[in-house]
Protein chains: 4
Amino acid sequence: MPTDEHVNHAYTTNKDALLKRLGRIEGQVRGVARMVDDEKYCIDILTQISAINAALHKVSLGLLEDHVSHCIVDAAAQSADTGDNAIVAEKVDEMTAAIGRLLR
Amino acid sequence: MPTDEHVNHAYTTNKDALLKRLGRIEGQVRGVARMVDDEKYCIDILTQISAINAALHKVSLGLLEDHVSHCIVDAAAQSADTGDNAIVAEKVDEMTAAIGRLLR
Amino acid sequence: MPTDEHVNHAYTTNKDALLKRLGRIEGQVRGVARMVDDEKYCIDILTQISAINAALHKVSLGLLEDHVSHCIVDAAAQSADTGDNAIVAEKVDEMTAAIGRLLR
Amino acid sequence: MPTDEHVNHAYTTNKDALLKRLGRIEGQVRGVARMVDDEKYCIDILTQISAINAALHKVSLGLLEDHVSHCIVDAAAQSADTGDNAIVAEKVDEMTAAIGRLLR
């Protein structure tokens, strides 16, 4: 788990929005558990799960956007100064792997 | 939202397993919120979200399996008696629509 | 790979529609290859790939719908006669596994 | 459809690999059409479609990787020179939207 000191973790811009969204998702998951406990109709529960999937996708996109506009853009600016592309390449690989896991 | 009295909502077989899984997912969502609050590295957060996506898919599959093996199979047995296929067709449409929402 | 003689492979109802759709998807894939060869803008190519994903999802849903309304419903009707649920259970497992692979 | 003259469409590095992959996907789609035409078992066809989905995901990831490592990194280097972040922001938005369409 990399802790890169030199680049700012910039989803802090969207931090409040992300936390609000995640709080809502937590409530949706609790709602689904309640529906299962009350033995609601499966199809209705599946519809709620689709809504959670969509909400999680939005959180992922928010994080990716922040990652690219800060971590990768900062690394690119640095490497434009130093001529060393290794950090950028590493960040891009890491990001592609993360998107690959989301697409699965 | 249909409440069909005559067919049993049979995910009750898996109810405990589903509730346990959903409890775990709720904890994972809370964990992601904590990571955002602590400004952890975006990529590590995205990895956690991929794990939540996978866990939600398993819940969906469990519900679908129960839906087909009970609601649809019961409806099919009924319609084999009565010769009326309308209920089965309706249940299948409903299920296909639900899977379509999950695939999105 | 099961070849079940006793249940009809009933997507033959939608066969023409499925074949037409698949012909269109084949053309879309060829179009994407042409865009890559012409070095079109990545984002525009990704948009085309999203359209192919959506078209493939529709084919999958069509096949699933046929599978449930025929293979599974026929098996359910049989098992209502014979009292033997093993075939239904096997078909449902098989279907759940297939949906699981689509969700990945 | 943007045609940005000043940044290189750099998936040209992976061009041969992408074209080879797309050629294979085209063949897989044709194979699925043949299976439908021969009325093969639905579940087996769905398994093939899952393989096509996975192959398309790999193409998408390859294109995204190239997009970020070239278009976005070049734009970032430029904006480090000029102090103008607008182009980077636009590229990142465009990329996030493209990933959003893939996640659906």
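Note that the structure is a prediction, hence the values are computed from the model and not measured. (Residues numbered from 1 in each chain as written. Chains lettered and ligands numbered in written order. Predicted model: local features only at pLDDT ≥ 70, side-chain atom pairs only at ≥ 80, totals over all residues. Heavy atoms only, no water.)

(A) Main features of the interface of chain A and chain B. Between chain A and chain B, the residue contacts involve 46 residues of the former and 46 residues of the latter. Taken over both partners, the interface formed by chain A and chain B buries close to 4300 Å², and the fraction arising from carbon and sulfur atoms is 69%. On inspection of chain A and its partner chain B, the count reaches six salt bridges. At the boundary of chain A with chain B, the tally comes to twelve residue pairs in polar contact (both at pLDDT 80 or more). (Contact = heavy atoms within 4.5 Å. Buried area = accessible area lost by both parts, 1.4 Å probe. Salt bridge = Lys/Arg side-chain N within 4 Å of Asp/Glu carboxyl O. Polar contact = N/O pair within 3.5 Å; in protein donor to acceptor, adjacent residues only side chain to side chain.)

(B) Region of interest: the nonpolar core. Membership of the largest hydrophobic core comes to 133 residues, with the highest contact counts inside it found for Ile25 of chain A, Ile25 of chain B, Ile25 of chain C together with Ile25 of chain D. Of the residues forming this core, the biggest block, 18 residues, is contributed by helix α2 (residues 42–82) of chain B. Excluding anything up to four places from it in sequence, Ile25 of chain A contacts Ile52, Ala55, Leu56 and Val59 of chain A together with Val29 of chain B. (Core = buried A, V, L, I, M, F, W, Y, C linked by side-chain atoms within 4.5 Å. Buried < 20%, exposed > 50% of the residue type's maximum accessible area, 1.4 Å probe, protein only. Helix = DSSP H or I, 4+ residues; strand = E, 2+ residues; numbered from the N terminus.)

(C) Layout of the pattern of salt bridges. Under the defined criterion, the tally for this structure stands at 16 salt bridges over all chains. Close ionic contact of Arg30 of chain B with Glu26 of chain A constitutes a salt bridge, the shortest N to O distance being 2.9 Å. Placement of the pair is Arg30 of chain B in helix α1 (residues 15–37) and Glu26 of chain A in helix α1 (residues 15–37), with the two residues belonging to separate chains. Taking the relative accessible area as the measure of exposure, Arg30 of chain B reaches 36% and is therefore partly exposed. Here the residues in one salt-bridge network are Glu26 and Arg30 of chain A together with Glu26 and Arg30 of chain B, joined through shared partners.

(D) Focus on the relation of the copies chain A and chain B. By a simple turn and slide, chain A fits onto chain B: the slide is 0.0 Å along the axis, the RMSD is 0.0 Å, and the turn is 180 degrees. Between the two chains, the operation in question is that of a two-fold axis. Closest approach to the rotation axis among the C-alpha atoms of chain A is made by Glu26 of chain A, whose C-alpha sits 2.8 Å away. Of all interface residues in chain A, 100% are interface residues in chain B too; the two copies therefore contact each other through one and the same surface. (Least-squares fit on C-alpha atoms with pLDDT ≥ 70 in both.)

(E) Up close: a positive patch on the surface. Residues and elements named next belong to chain A. Taken together, the side chains of Lys20, Arg21, Arg24 and Lys58 present a region of like positive charge at the surface. With three residues, α1 is the largest single contributor of residues to the positive patch. Residue position: Lys20 is located in helix α1. Note on Lys20: relative accessible area 61%, which makes it exposed. (Patch = residues over 30% accessible without salt bridge, like charges linked within 9 Å, V, L, I, M, F, W, Y side chains within 5 Å. Areas by Shrake-Rupley, 256 points an atom, 1.4 Å probe, with all protein chains shown as cover. Lys, Arg positive; Asp, Glu negative; His and termini not counted. Charge placed at Lys NZ, Arg CZ, Asp CG, Glu CD.)

(F) Highlighting the interface of chain C and chain D. The interface of chain C with chain D comprises 46 residues on the first partner and 46 residues on the second. Linking chain C to chain D there are six salt bridges. Our count for the contact surface shared by chain C and chain D stands at twelve residue pairs in polar contact (both at pLDDT 80 or more). Only α1 (15–37), α2 (42–82) and α3 (86–103) of chain C provide two or more residues apiece to the side of chain C that touches chain D.

(G) Expanded view of the environment of Leu61 of chain D. Examined against the element boundaries, Leu61 of chain D turns out to sit in helix α2 (residues 42–82). For the pair Leu61 of chain D and Ile99 of chain D, spaced 38 residues apart in the sequence, the C-alpha separation amounts to 9.5 Å. In contact with Leu61 of chain D, other than residues within four places in its own chain, are Thr96, Ile99, Gly100 and Leu103 of chain A.

(H) The arrangement of the packing of helix α1 (residues 15–37) of chain D against α2 of chain D in detail. All names here are of chain D. Relative to each other, α1 and α2 sit at 160 degrees, their axes nearing to 10 Å. With respect to α2, the axis of α1 lies roughly antiparallel. Handedness of the crossing formed by α1 with α2: left-handed. Counting all contacts with α1, which are made through Leu18, Arg21, Leu22, Ile25, Gln28, Val29, Val32, Met35 and Val36, the residues of α2 involved are Asp44, Ile45, Gln48, Ile49, Ala51, Ile52, Ala55, Leu56, Lys58, Val59 and Leu63. Class assignment for the residues of the contact of α1 with α2 results in 15 nonpolar, two polar and three charged. (Axes fitted to C-alpha atoms, helices over the stretch in contact; angles between N-to-C directions. Parallel < 35°, antiparallel > 145°, perpendicular 65-115°, else oblique. Left-handed = near helix turned anticlockwise from the far one by under 90°. Nonpolar A, V, L, I, M, F, W, Y, C, P; charged D, E, K, R; others polar.)

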